[in-house]
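Here is what each chain is made of, one letter per residue.
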Amino acid sequence: MKKIKDDTSEKLILNAAKNIFIKKGMDGARMQEIADEAGINKALLHYYFRNKQQLFEAVFMTAFSLLAPQLNGILNDDSSIEEKIIKFTSNYILFMSEHPYLPSFVIQEINRNPEFIIHLKEKPEFPNTEKFKQQVETEVKNGVLKPVDAEQLFVNVISMCIFPFMGKPLIKVFLNADDDHFNKLMENRKTEVSSFIINSIKA
């Protein structure tokens, strides 16, 4: 009799995989560990996901589907650029703290498969920056902001949010920080980044 996949088992597997990926990263995770974490046998795990790459992509897409609408909503609401930067950095850093495996996965996939980001961009929830860029130009013209390039501003915001998670091992070594110290840094960074950027662009 043909097996039928059910949503409950799949969600259980995805949650178990997320826990293992957080602890071990993509390279360090093993399918057997994920099966053990989910409380199932390895054969059933392979029935749902043929390999670790497919499973990682499923975990990523689950997380992306939660983050992308948040960021898109912030970029396209009617708040000021200052308010957008505050909300964007806080939401982004909080989400990365809860899903620390995501930045490395994105870079890995872009390097391995450049079409990956194009596939992501086709999704309707992918963040659209056009309103943000137009609003920056308007606030510059109105004297609210210093002359600043909208695209450079967006790159600065997202870079300052994402780099600490990409460079976590390096930052921990430089600062002689353990995981608790690093987590506190990231908690404070939710406001530090926005304050730094806003102070640099306010007229």
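Rules of the game
- Sequence order as written defines the numbering, with residues in each chain counted from 1.
- The model is predicted, so local features are restricted to residues of pLDDT at least 70 and side-chain atom pairs to those at 80 or more, both for listing and for counting; the totals for chains, interfaces and linings are taken over all residues.
- The basis for every side-chain value is the complete set of non-hydrogen atoms in the structure, without hydrogens or water.
- UniProt positions are given in the numbering used here, feature names are shortened, and annotations may be inferred rather than shown by experiment.
- Numbering of helices and strands runs from the N terminus, with a helix taken as a DSSP run of H or I at least four residues long and a strand as a DSSP run of E at least two residues long.
- Nonpolar core, defined: a set of buried Ala, Val, Leu, Ile, Met, Phe, Trp, Tyr and Cys residues in which side-chain atoms within 4.5 Å join the residues together.
- Exposure is judged per residue with a 1.4 Å probe applied to protein chains only, and the accessible area is read against the type maximum: over 50% gives exposed, under 20% gives buried, and values in between give partly exposed.
- Residue contacts are defined here by distance: any two heavy atoms, one from each residue, within 4.5 Å place the two residues in contact.
- Patch membership needs two things, relative accessible area over 30% and no salt bridge, and members are linked within 9 Å if like-charged or within 5 Å if nonpolar (Val, Leu, Ile, Met, Phe, Trp, Tyr).
- Each accessible area is a Shrake-Rupley estimate made with a 1.4 Å probe; only the visible protein chains count as cover when residues are assessed.
- Salt bridges are defined as contacts in which a side-chain nitrogen from Lys or Arg sits within 4 Å of a carboxyl oxygen from Asp or Glu.
- The pocket and cavity definitions rest on a 1 Å grid over protein atoms only: a 1.4 Å probe that fits but cannot leave marks a cavity, an open set with protein on both sides within 12 Å along at least five of seven lines marks a pocket, and residues lining either have an atom within 4 Å of a point.
- Grid points are joined across faces, edges and corners, and a volume is the space filled by probe spheres set on the points.
- The nonpolar class holds Ala, Val, Leu, Ile, Met, Phe, Trp, Tyr, Cys and Pro. Asp, Glu, Lys and Arg form the charged class, and all remaining residues, Gly among them, are polar.

### A look at the UniProt feature "domain: HTH tetR-type" (unreviewed entry) in the protein chain
The residues that UniProt annotates with the feature "domain: HTH tetR-type" (unreviewed entry) are residues 7-67. Secondary structure across residues 7-67 comprises 87% helix and 0% strand; the distance between its end C-alpha atoms is 21 Å.

### Let's talk about the nonpolar core
Ranked by size, the top nonpolar core spans 56 residues in total, and within it Phe-21, Ile-34, Leu-45, Leu-55, Ile-85, Phe-88 and Leu-153 carry the most contacts. In terms of residue count, helix α4 (residues 52-75) provides more of this core than any other element does, twelve residues in total. What Leu-45 contacts, discounting residues up to four positions off in sequence, is Ile-13, Met-31, Ile-34, Ala-35, Ile-40 and Leu-55.

### Digging into a nonpolar patch on the surface
A surface patch of nonpolar side chains, about 600 Å² in accessible area, is lined by Ile-107, Phe-163, Met-166, Leu-170, Phe-174 and Leu-175. Of all elements in the fold, only α9 (150-166) and α10 (168-175) reach the threshold of two or more residues within the nonpolar patch. In terms of residues, the nonpolar patch owes the most to one element, α10, which gives three residues. By the element assignment, Phe-174 lies in helix α10.

### So, empty space enclosed by the protein
Taken as a whole, this structure holds one cavity of 30 Å³ or more when the rule is applied. For the largest cavity, the calculated volume is near 50 Å³. Every residue lining the largest cavity is listed: Leu-75, Lys-84, Ile-85, Phe-88, Phe-132, Phe-154 and Val-157. When contributions to the lining of the largest cavity are tallied by element, the ones reaching two or more residues are α5 (81-98) and α9. With three residues, the single largest contributor to the lining of the largest cavity is α5. Taken together, the residues of the lining of the largest cavity sort by class into six nonpolar, no polar and one charged.

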